[in-house]
Amino acid sequence: MRIAMIGTGYVGLVSGVCFSDFGHDVICVDKDPAKIDLLEQGQLPIYEPGLENLMAKNIAAERLAFTGDLAAAVAGADAVFIAVGTPARRGDGHADLSYVLAAAEEIAAALTGYAVVVTKSTVPVGTNRQIKQVIRKANPQADFDVASNPEFLREGAAIDDFMRPDRVVVGVQNDRAAEVMANVYRPLFLRDFPIITTDLESAEMIKYAANAFLATKITFINEIAALCEKVGADVKQVSKGMGLDGRIGNKFLHAGPGYGGSCFPKDTNALARIGQDHSMPMQITETVIQVNEEIKRRMVDKVVDLCGGSVNGLTIAVLGVTFKPNTDDMREALALTIVPALVGGGARVRVVDPQGKREGEDLLPGVHWIEDAYKAARNADALVLLTEWNEFRALDLKRLVRKMAHPRMADLRNIYSPKEAKRAGFEGYTSIGR
Ligand SMILES: NC(=O)c1ccc[n+]([C@@H]2O[C@H](COP(=O)([O-])OP(=O)(O)OC[C@H]3O[C@@H](n4cnc5c(N)ncnc54)[C@H](O)[C@@H]3O)[C@@H](O)[C@H]2O)c1
């Protein structure tokens, strides 16, 4: 198969590299020339474990190339994937489809023979039909079908998720498009990974429903955690006791400081807007969005309370600022709420993150970037564990205590226990739901 991947961000790049590893000929396109320059030199514009090696292997095998020339990539492709961003539209929370529709127009002009135009971006129900109209209008002669193929990979584990998916969802309108999609995913099909073929609308809806459900599960346990704090229960024990019930499951049941990231916030908002547009309010999702905002605000209070009611003039070390470990992605990261609140409250904030600096430097003005947790702890008045990178999972607590002016820790990922913290000599320790 010849595949053109339009948009070479977290999803487009991982998908393009993995498709080339399946044996397809893949050309990845991006309109950002700096990104293409880097990729052509074999360098990654993002951090994703394992991606660099897999990319190098497939470039060497001449199955993978990068270009800024969309028309050249699309000409002769069997499948053209749209993997551009669909951020929340300013003001109303709708998914901003301007990049997707602009890409569709460009693709229309470049189509040569029969091709399936596949949307991998997360798009509201009805968008694939809209894409079809856009292409038809721009190029009435074009021989094409559209397909919806939402992506479920998680940043930080993206390659494994792509190569060993729980399922692949493909929405199509006819057998011809279904056959092309079956060929694209044949290596997974042969290894018995479930491939679900649906209509366009159901495929589009599966993605939003799945993300809203996961956001709900996280928010549910976060709210239970807040109640645990009031009644003297331990949310870690509660989630273990709940998660062993097969109907509930233990994944996404770890209490934390609220969800963030490149998908859940914008996708829950977009689903809420889709519901409103169809006079079918998504009440659960709307509540989840609101509760998550409250949880994030409560995290700031937690740190301030730990510091005795004010952070003014204090030195605070924040460990981890990316929205989760193993990515450099800062989109909607909790740090973007907590760190400015601390800086605004008069604290001197030090930040440690293995990959966050490149993006985080502009987003978190007024902080000092430090290379490791022990250096950041020197003479600090409090430590906030915000993103659970592996290197923060086994810290020498006694060593931290020795370095700090006031050994206090807000462990917002429940990595340590109140007992351990006390034993190490922390004079203050707060975590989530216990
Ligand atoms: N990031 C994730 O973990 C994830 C997971 C599943 C689904 N998704 C969805 O996938 C889509 C892409 O997300 P992302 O995180 O990869 O976005 P991203 O912002 O990292 O990448 C998008 C890329 O598209 C490029 N682009 C935009 N318009 C273009 C055009 N006309 N031609 C060529 N390139 C163009 C941009 O320059 C950018 O490099 C979104 O809809 C998102 O919701 C993301």
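For the structure itself, consult the block above.
All values derive from a computational prediction rather than experimental measurement.

Parameters at a glance
- Residues numbered from 1 in each chain as written.
- Predicted model: local features only at pLDDT ≥ 70, side-chain atom pairs only at ≥ 80, totals over all residues.
- Heavy atoms only, no water.
- Helix = DSSP H or I, 4+ residues; strand = E, 2+ residues; numbered from the N terminus.
- Rg over C-alpha atoms; globule rule 2.2 N^0.38 Å.
- Buried < 20%, exposed > 50% of the residue type's maximum accessible area, 1.4 Å probe, protein only.
- Core = buried A, V, L, I, M, F, W, Y, C linked by side-chain atoms within 4.5 Å.
- Contact = heavy atoms within 4.5 Å.
- 1 Å grid on protein atoms, 1.4 Å probe; cavity = no way out; pocket = protein on both sides within 12 Å on 5 of 7 lines; lining within 4 Å.
- Points joined across faces, edges and corners; volume = space filled by probe spheres on them.
- Nonpolar A, V, L, I, M, F, W, Y, C, P; charged D, E, K, R; others polar.
- Patch = residues over 30% accessible without salt bridge, like charges linked within 9 Å, V, L, I, M, F, W, Y side chains within 5 Å.
- Areas by Shrake-Rupley, 256 points an atom, 1.4 Å probe, with all protein chains shown as cover.
- Salt bridge = Lys/Arg side-chain N within 4 Å of Asp/Glu carboxyl O.
- Lys, Arg positive; Asp, Glu negative; His and termini not counted.
- Charge placed at Lys NZ, Arg CZ, Asp CG, Glu CD.
- Near = heavy atom within 4 Å.
- Polar contact = N/O pair within 3.5 Å; in protein donor to acceptor, adjacent residues only side chain to side chain.

**Focus on the overall build of the protein chain**
Stage number 1. Within the protein chain one finds 18 helices and 14 strands.
Stage number 2. Relative to the globule expectation of 22 Å for 434 residues, the C-alpha radius of gyration of the protein chain, 23 Å, shows essentially globular dimensions.
Stage number 3. Projecting the C-alpha coordinates of the protein chain onto the three principal axes gives extents of approximately 70 × 50 × 40 Å.
Stage number 4. Of all 434 residues assigned to the protein chain, the portion counted as buried reaches 54%.

**Let's talk about the nonpolar core**
Stage number 1. In terms of nonpolar packing, the biggest core is built from 42 residues, with Leu13, Phe19, Phe81 and Tyr185 touching the most fellow members.
Stage number 2. For this core, the element with the most residues is helix H1 (residues 10-22), which contributes seven residues.
Stage number 3. Setting aside residues no more than four positions away along its own chain, Tyr185 makes contact with Phe19, Phe22, Lys120, Asn149, Phe162, Val168 and Ile195.
Stage number 4. Core analysis: the next-biggest nonpolar cluster, separate from the first, contains 40 residues, Val304, Ala333, Ala347 and Leu412 among them.

**Quick notes on empty space enclosed by the protein**
To find leftover empty space, one rolls a probe the size of a water molecule over the atoms.
Stage number 1. With the rule as written, the count across this model stands at two cavities of 30 Å³ or more.
Stage number 2. Approximately 70 Å³ is the volume attributed to the largest cavity.
Stage number 3. As for the largest cavity, its lining consists of Asn222, Ala225, Ala226, Glu229, Gly256, Ile295, Arg298, Met299, Lys302 and Ile432.
Stage number 4. Looking at the lining of the largest cavity residue by residue, the class counts come to five nonpolar, two polar and three charged.
Stage number 5. Counted by class, the lining of the second largest cavity contains two nonpolar, five polar and two charged residues.

**A closer look at a positive patch on the surface**
Stage number 1. A contiguous patch of positive charge, built from Lys398, Arg399, Arg402, Lys419 and Arg423, is present on the exposed surface.
Stage number 2. Those elements giving two or more residues to the positive patch turn out to be helix H17 (397-403) and helix H18 (418-424).
Stage number 3. Along the chain, the position of Arg402 falls in helix H17.

**Focus on the site of the ligand**
Stage number 1. Surrounding the ligand, one finds 25 residues, the nearest of these being Asp30, Lys35, Thr86, Glu155 and Lys266.
Stage number 2. With respect to the ligand, the side chain of Thr86 contributes an N or O atom lying 2.5 Å from an oxygen atom.
Stage number 3. With the chains in place, 90% of the 840 Å² that the ligand exposes on its own is no longer accessible.
Stage number 4. Mapped by element, the contributors of at least two residues to the shell around the ligand are H1 and helix H5 (98-110).
Stage number 5. Tallied by class, residues from the shell around the ligand come to eight nonpolar, eight polar and nine charged.

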